[in-house]
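# Reading the structure
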Amino acid sequence: MTSQHTGEMPAISYNFAYLDEQTKRMIRRAILKAIAIPGYQVPFAAREMPMPYGWGTGGVQVTAAVLGPDDVLKVIDQGADDTTNAVAIRGFFEKTAGVATTTATTEATLIQTRHRIPETKLSENQILVYQVPIPEPLRFLEPRETETRQLHALEEYGLMHVKLYEDIARHGHIATTYAYPVEVAGRYVMDPSPIPKFDNPKMDDCPALQLFGAGREKRIYAIPPYTTVRSLDFEDHPFKVQRFAKPCALCAATGVYLDEVILDDRGGRMFVCSDTDYCNARQAEGHRGEMAAPVSSSGGAVLPHPTPLPHGEREQGDAPSLTLTARGAPEGAGEGPFGAEIAS
Amino acid sequence: MNMADKAPHPNPLPHGERESGAHSVSDAPDNAMPLTSPRGGEVGPQGRVRGEGAETRGPILDVAGVAKTFVLHLREGARLPVVSGAGFDLYPGECVALGGPSGAGKSSLLKMVYGNYRIDAGHIRVRDGGEVVDVASTAPRRLMKLRATTMGYVSQFLRVIPRVSALDVVAEPLVGDGVSREEALATAGALLARLNLPERLWSLPPATFSGGEQQRVNIARGLIAHRPLLLMDEPTASLDAANRQVVIGLIEEKKQAGVAILGIFHDAEVREAVCDRVIDVTDFARAA
Amino acid sequence: MTDQANQALAAADAPLLVSEGLSKNYGARIGCRDVSLDIYPGEVLAVVGESGSGKSTLLGLLSTELAASAGRVSYRMRDGVLRDLASLGAAERRLLMRTDWGLIRQNPADGLRMAVSAGGNVGERLMAVGWRHYGNIRREATDWLGRVEIAADRIDDDPRSFSGGMRQRLQIARNLVTKPRLVFMDEPTGGLDVSVQARLLDLIRGLVSEMGLAVVIVTHDLAVARLLSHRMVVMRHGRVIETGLTDQVLDDPREPYTQLLVSSVLAA
């Protein structure tokens, strides 16, 4: 897939969006079925993709099947457009489909995502494609696929509540913070992929079509536009989203999902928007958080976004206390771009 | 012929493991029990005996043409006849003893009446309210109901139920009849007191009681609820003289209340005190 | 087994479960042949026989875990109508199994969720039938743990930390929490120490009587059958060879095989 510099080898040309047309037809049929049965996991013949499982092969195949030449593609990973995974997938479609790409949520017609739903409300002419590692919400308690299929077929979802019960019994509250199970259109219980439960309400009655692709598990499922999506809970332990004590340290946004960024090994940290596009747009509009640089007269440079901890580590409450370097920090930015001198 | 010595059937379980259910308050029959009672009482020539004080309402128990043979398949199909052509009546308010030497089949016959042993021929009809039930041919469920409401069995041995107190063991049949637990326990306590069972034992499971103490618990359990027909297998075998007198009194009261009693009374004193007549099973055994 | 069991027996004269000509073949081998029997409300039926006699197959057929090669099983639904279980849809049958029926397996690990807390194990059936109030579920689970003599402070421990006897008691609580009318038990005391067995049997006996449960219990242990059951079915080579009240069959066994079974028990 890499470009050739050897000269004698012919340039490799790909079918539009890499997959052959028959494969795309097969995937589209699965998608149509998934849309027709909201929340139901439709098996499909997932192909080997030129990237390892766990890197979004399911989402990539779904995207490839629905992508058109006029689409504008955005790819995000944990809210960021500029992480390795997002960059790689964006590059993949630029190369194989030649489509336009963007980081702006509002400009995109197709958004492939891993672990987040954009903060900006989606619209009817958008499709959100999720990368899904484990599509089966009941897998935690029931390892047999034959049995979980049966449970879905018969709408036996007591087991799902057993998991929530266990959470409350062990932690005093529903400690599941991501991949929080939802009931779709009053029927199927679905794993929303490892998005934070903060994003769950965004799935409900969403104007955009939401598609989910699991490559290793070979499943596709969907939430059609304007579908009721309800997070499971107990009467006396209702579903609640995370709240953050402080606004985004960079753009001062409230009511958005924040990532914790550790600044040093002395306990210094900051909370910033997980959605980089949203944060950058707000900063461009002049919003300033407590640790943001003052508006510069020259160029209005947007402060680069630091790398957050991956969800899994943070949410298990045992995040290693390692200092992460700022992602995308300009060369020679020096030590501690978000240090005290900036904040003060 | 001594049936007991020939082990007429493979006797299954040790006492401790046999537990009673609603269907069976009695211990399992035990043919190995030595019966040394002399024969006594008058026996009719046909083996069909009727007491003089019989009521005109008709018998509560009508045994006719009963035959039973044990077939021991494990011993090349050896056949051990027990009784043949056994027949007699029992009327409300009378107490009748089964007599005959050890091994004559008294215990076996009692168990046939209770339905514990199945019979090869004949009828064992028990009047249950307005209905007559043939123990020999009725459905198991009907027999269960008959035992629960009409036909009680007081055996020699208490079948100990682990972890259940003596008081509860005694009260259980009353509770089963729908009496409140409180009232049943009070009645049970009164009965145990009358039988001179020290009150400190009431709350203990009877497993560790002496033979006499267990038998008194067993008698109390067997007599606490009203059953129009009572079968008693050596109810006083392990009792001292004072307690035998108490049991005689209890049996008299049952008779006064119109209960018909069929029993094996090894003890001559008790037999003479309570029995109106004796049916000698020797003839039934001889016929077999 | 007095108490309400007797009243239930007297009151309900219609069978709860009826099997007719039930057969199951495993290829050429016969698992179970032409078994017809009735189980009435509040009645405990023991199925005895040695390994390979077909008793477990029969239990599987009665509980619809196995599909019959011939014959049928009917069940009197709560509305009083006797229905052929094969005519029920999968959803209806499974609902029946997790509400009106219980199934106690010999190995508690097969009947419990070993990675789920005791409370979750007991609460699962409640959640399955729509309980959605955590506090109520927990209260009910605590109550049931008490009834099976598991200390309330073990409610959040998972069964892996429980002894064999405790696991089996937990399995019983998990099954009885929806107040079923019919419970299938497959060697419930198998593999337990004798003292643990006695306690468990006593517990089962009490609950069966108190709740007026109908029970089909498969056991090779005649003492268990004697303690718990009203009626008994003796199986050999896949067929029922002898039936009757439990004390009849045990005290006056007629068939050669039954006599062999009964005489093979060691007197302690």
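The numbers attached to residues start from 1 for each chain and follow its sequence in the written order. Written order determines the labels here, with chains lettered from A and ligands numbered from 1. In keeping with the predicted nature of the model, local features appear solely for residues at pLDDT of at least 70, side-chain atom pairs appear and are counted solely at 80 or more, and the whole-chain, interface and lining totals rest on all residues. Side-chain numbers here rest on the full set of heavy atoms in the structure, without hydrogens or water.

In the nomenclature of an unreviewed UniProt entry, chain C corresponds to Phosphonate C-P lyase system protein PhnK from the organism Ancylobacter defluvii. UniProt positions are given in the numbering used here, feature names are shortened, and annotations may be inferred rather than shown by experiment. Per UniProt, the comment on chain C under Sequence similarities (unreviewed entry) is "Belongs to the ABC transporter superfamily."

## Observations concerning the overall build of chain C
From N to C terminus, chain C includes eleven helices and ten strands. Scaling as 2.2 N^0.38, a compact globule of 268 residues should have a C-alpha radius of gyration of about 18 Å, and chain C matches this with 18 Å. When its C-alpha atoms are laid out on the principal axes, chain C stretches across 55 × 45 × 40 Å. Burial classes: relative accessible area under 20% of the type maximum marks a residue as buried, over 50% as exposed, and values in between as partly exposed (1.4 Å probe, protein chains only). Counting all 268 residues of chain C, 58% fall into the buried class. Taking all contacts inside chain C whose residues are at least 6 apart in sequence as the whole, residues at least 24 apart take part in 68%. We get accessible surface area from the Shrake-Rupley algorithm with a probe of 1.4 Å; when it comes to residues, only the shown protein chains can shield them. Taken as a whole, chain C presents about 9,700 Å² of accessible surface, with 49% of it coming from carbon and sulfur. In this text, helices come from DSSP runs of H or I with a minimum length of four residues, and strands from runs of E with a minimum of two, each type numbered from the N-terminal end. The globule rule used for comparison is 2.2 Å times the number of residues to the exponent 0.38, while the radius of gyration itself is calculated over C-alpha atoms. The criterion used for residue contact is that any of the two residues' heavy atoms lie within 4.5 Å.

## Some details on the overall build of chain A
Helix and strand counts for chain A come out as nine helices and twelve strands. For chain A, buried positions account for 51% of its 344 residues. In chain A, 62% of the contacts between residues at least 6 apart in sequence involve partners at least 24 apart. When the accessible surface of chain A is totalled, it reaches about 15,400 Å², and 53% of it is carbon and sulfur.

## Side note on the packing of helix H5 (residues 158-171) of chain A against helix H5 (residues 118-128) of chain C
Axes, fitted as lines to C-alpha atoms, cover a helix only where it is in contact. Angles between the N-to-C directions of the axes lie from 0 to 180 degrees. Between H5 of chain A and H5 of chain C, the shortest axis-to-axis distance is 8 Å and the interhelical angle comes to 140°. Accordingly, the angle class assigned to the pair H5 of chain A and H5 of chain C is oblique. For the pair H5 of chain A and H5 of chain C, the sense of crossing is right-handed. The segment H5 of chain A lies against H5 of chain C, with Gly158, Leu159, His161, Val162, Tyr165 and Glu166 of chain A engaging Gly119, Gly120, Glu124, Met127 and Ala128 of chain C. Grouping the constituent residues of the contact of H5 of chain A with H5 of chain C by class yields five nonpolar, four polar and two charged. Any angle between 65 and 115 degrees counts as roughly perpendicular, while under 35 counts as roughly parallel, over 145 as roughly antiparallel, and the rest as oblique. Each crossing gets its handedness from the near helix: less than a right angle anticlockwise from the far helix is left-handed, clockwise is right-handed. Classes in brief: Ala, Val, Leu, Ile, Met, Phe, Trp, Tyr, Cys and Pro nonpolar; Asp, Glu, Lys and Arg charged; the others, Gly included, polar.

## A few points about the domain arrangement of chain A
All names here are of chain A. Each domain span listed reflects an automatic or database assignment of domains. Each assigned domain of chain A is listed here: domain 1 (21-137 + 178-231) and domain 2 (243-344). Every contact between the two is made by 19 residues of domain 1 and, on the other side, 16 residues of domain 2. When domain 1 packs against domain 2, the two sides together hide about 1,400 Å² of surface, and 50% of this comes from carbon and sulfur. Each of two parts loses accessible area, computed with a 1.4 Å probe, when they are put together; buried area is these two losses added. Of all residues in domain 1, Gln78, Glu119 and Tyr178 give up the largest surface area on contact with domain 2, accounting jointly for 39% of the area buried on that side. Identification of polar contacts relies on pairs of N or O atoms within 3.5 Å, with a donor-acceptor requirement for protein atoms, meaning one able to donate a hydrogen and the other able to accept it, and with residues adjacent in sequence counted only if both atoms are side-chain atoms. Across the domain 1-domain 2 interface, the total number found is seven residue pairs in polar contact (both at pLDDT 80 or more). Broken down by class, the residue content of the side of domain 1 that touches domain 2 amounts to seven nonpolar, seven polar and five charged.

## Observations concerning the confidence of the model for chain C
Residues of chain C with pLDDT of at least 70 account for 94%, and the chain-wide mean is 91. For this predicted complex, the interface confidence comes out at an ipTM of 0.87, alongside a pTM of 0.81. You can read pLDDT as the predictor saying how much it trusts each residue, on a scale of 0 to 100.

## Things to note about the confidence of the model for chain A
Residues of chain A with pLDDT of at least 70 account for 82%, and the chain-wide mean is 85. Below a pLDDT of 50 lies the segment residues 310-344 of chain A, which in the model reaches 61 contacts outside its immediate sequence neighbourhood of four places, other chains included.

## What to know about a nonpolar patch on the surface
Patch membership needs two things, relative accessible area over 30% and no salt bridge, and members are linked within 9 Å if like-charged or within 5 Å if nonpolar (Val, Leu, Ile, Met, Phe, Trp, Tyr). Salt bridge criterion: a side-chain nitrogen from Lys or Arg within 4 Å of a carboxyl oxygen from Asp or Glu. Together, Leu95, Val129 and Trp131 of chain C make up an exposed nonpolar region whose accessible area comes to about 230 Å². Within the secondary structure, Leu95 of chain C is located in helix H3 (residues 90-99).

## Overview of the sheet that holds strand S4 (residues 70-76) of chain C
Residues and elements named next belong to chain C. Strand order in this open sheet of four strands is S2-S1-S4-S5, and the pairing throughout is antiparallel. Bordering the open sheet on either side are strand S2 (29-39) and strand S5 (82-84), each of which pairs with just one other strand. Strand-to-strand twist in this sheet, taken as the mean axis angle between neighbours without regard to direction, amounts to 25°. Most of the contacts of helix H2 (residues 55-62) go to strand S1 (residues 17-26), to which it runs at about 125°, and overall it touches S1, S2 and S4. Paired strands, as defined in this entry, are two strands with at least two bridges between them according to DSSP.

## Examining unusual backbone geometry
Non-glycine residue Ala185 of chain A carries a positive phi angle of around 50°. Along the chain, Ala185 of chain A falls in the loop between strand S6 (182-184) and strand S7 (188-190). Taking relative accessible area as the criterion, Ala185 of chain A reaches 41% and is therefore assigned partly exposed. For Asp34 of chain C, which is not glycine, the phi torsion reads 55° and is therefore positive. Inspection of the secondary structure puts Asp34 of chain C in strand S2.

## Some thoughts on the pattern of salt bridges
The full count for this structure, using the stated rule, is 56 salt bridges over all chains. In this structure, the salt-bridge partner of Glu145 of chain A is Arg149 of chain A, at a minimum N-O distance of 3.3 Å. Highlighted residues: Glu145 of chain A and Arg149 of chain A, both in helix H4 (residues 145-153), separated by four residues, approximately one helical turn. Salt bridges sharing common partners tie together Glu142 and Arg144 of chain A together with Arg113, Glu124 and Arg174 of chain C.

## A look at the environment of Gln156 of chain B
Residues and elements named next belong to chain B. Among the structural elements, Gln156 can be located in the loop between strand S6 (151-154) and helix H3 (166-176). With a relative accessible area of 9%, Gln156 lands in the buried category. Between the alpha carbons of Gln156 and Thr236 there is a distance of 7.8 Å; along the sequence they are 80 residues apart.

## Remarks on the side chain of Asp199 of chain A
All names here are of chain A. Summarising the element assignment, Asp199 is placed in the loop between S7 and helix H6 (200-203). Here Asp199 falls in the buried class, since its relative accessible area comes to 0%. Of the polar contacts made by the side chain of Asp199, one reaches the backbone nitrogen of Ile117; its length is 2.9 Å. Apart from residues lying up to four places away in sequence, Asp199 is in contact with His115, Arg116 and Ile117.

## As for the packing of H5 of chain A against helix H6 (residues 134-147) of chain C
Put simply, H5 of chain A and H6 of chain C touch, their axes get as near as 11 Å, and they point 80° apart. Between H5 of chain A and H6 of chain C, the crossing angle belongs to the class labelled roughly perpendicular. Between H5 of chain A, through Tyr165, Ile168 and Ala169 of chain A, and H6 of chain C, the contact on the second element is made entirely by Tyr134, Ile137 and Arg138 of chain C.

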